[in-house]
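Okay, here's what each chain looks like letter by letter:
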Amino acid sequence: MEPSASAAREVEELLQFLYLMPVAVVRFGRAGDVEMLNPKAVQLLQDLDIDAGETDGTKILEQLYPGLAQIWRASENCIGSVVPGVRCTPPRPGRSALHLMVQLVRPDQRCTMLVIEDVTTTVEQEREITRQRRRMG
C-alpha cells in the first residue's frame, strides 16, 4: 500500500523539522543502542571528539557527563523526564570550553531521547554580567 500524498508530505515536514532543530537530538533504544541522530547531534559530538558513529549510547552519555549513563539505567521504568536539565562542560583539551545543557526524556519504554543544547553564549554572558557587577560594586 502506497502512502497518500498528504502522508508523504507530513513525513517530509517531520524530517525537515528534525534536521533543522537548533538542538542536538539522539534517540537511544531500550538497550542503549543509538537509533537516530539529527545533523546538529553529529556536528556537536564531533566538536567534542565523541564518535558520532558510536552505537553504544551509554558511552556517549558518560563522555558528556560522568554518571549520566548510570542515572539513565536506574530510571528504566520511568516515563517522561529522566534528567530535566543539567549543565556540563565536557573536556576539550587545547580548545575553548563548550557549555552544554543536557536533558534525557523517555517518551515510552522503547526509547530515550538525549537533547543537547549549546549554552556557551549564555554562560559567557552570565559571567560577563557578574564581572561587570563586581567592578561596579
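Up top you'll find the structure we're talking about.
Residues numbered from 1 in each chain as written. Predicted model: local features only at pLDDT ≥ 70, side-chain atom pairs only at ≥ 80, totals over all residues. Heavy atoms only, no water.

K.L.:
What am I meant to see in the pattern of salt bridges here?
P.N.:
Oppositely charged side chains may form a pair once their charged atoms are brought near each other. Counted under the stated rule, the structure contains six salt bridges. Notably, a salt bridge pairs R27 with E35, separated by 2.7 Å at the nearest N-O pair. Of the residues examined, R27 reaches a relative accessible area of 25% and is grouped as partly exposed. Bridged by salt links that share partners, the residues E128, R131 and R135 form one connected network. (Salt bridge = Lys/Arg side-chain N within 4 Å of Asp/Glu carboxyl O. Buried < 20%, exposed > 50% of the residue type's maximum accessible area, 1.4 Å probe, protein only.)

K.L.:
What exactly am I supposed to notice about the side chain of R106 here?
P.N.:
Residue position: R106 is located in strand β4 (residues 100-108). We note that R106 is buried and unpaired, the nearest opposite charge coming from D108 at a distance of 7.3 Å. A distance of 3.3 Å separates a polar side-chain atom of R106 from the backbone oxygen of C78. If near-sequence neighbours (up to four positions away) are discounted, R106 is found in contact with W72, S75, E76, N77, C78, I79, G80, V82, C111 and T112. (Helix = DSSP H or I, 4+ residues; strand = E, 2+ residues; numbered from the N terminus. Lys, Arg positive; Asp, Glu negative; His and termini not counted. Polar contact = N/O pair within 3.5 Å; in protein donor to acceptor, adjacent residues only side chain to side chain. Contact = heavy atoms within 4.5 Å.)

K.L.:
Where do I start with unusual backbone geometry in this structure?
P.N.:
Among all residues except glycine, the phi angle is most often negative; among peptide bonds, the trans geometry is most common. Within the chain, D49 stands out as a residue other than glycine whose phi angle is a positive 60°. Mapped onto the fold, D49 is located in the loop between α2 (39-47) and α3 (57-64).

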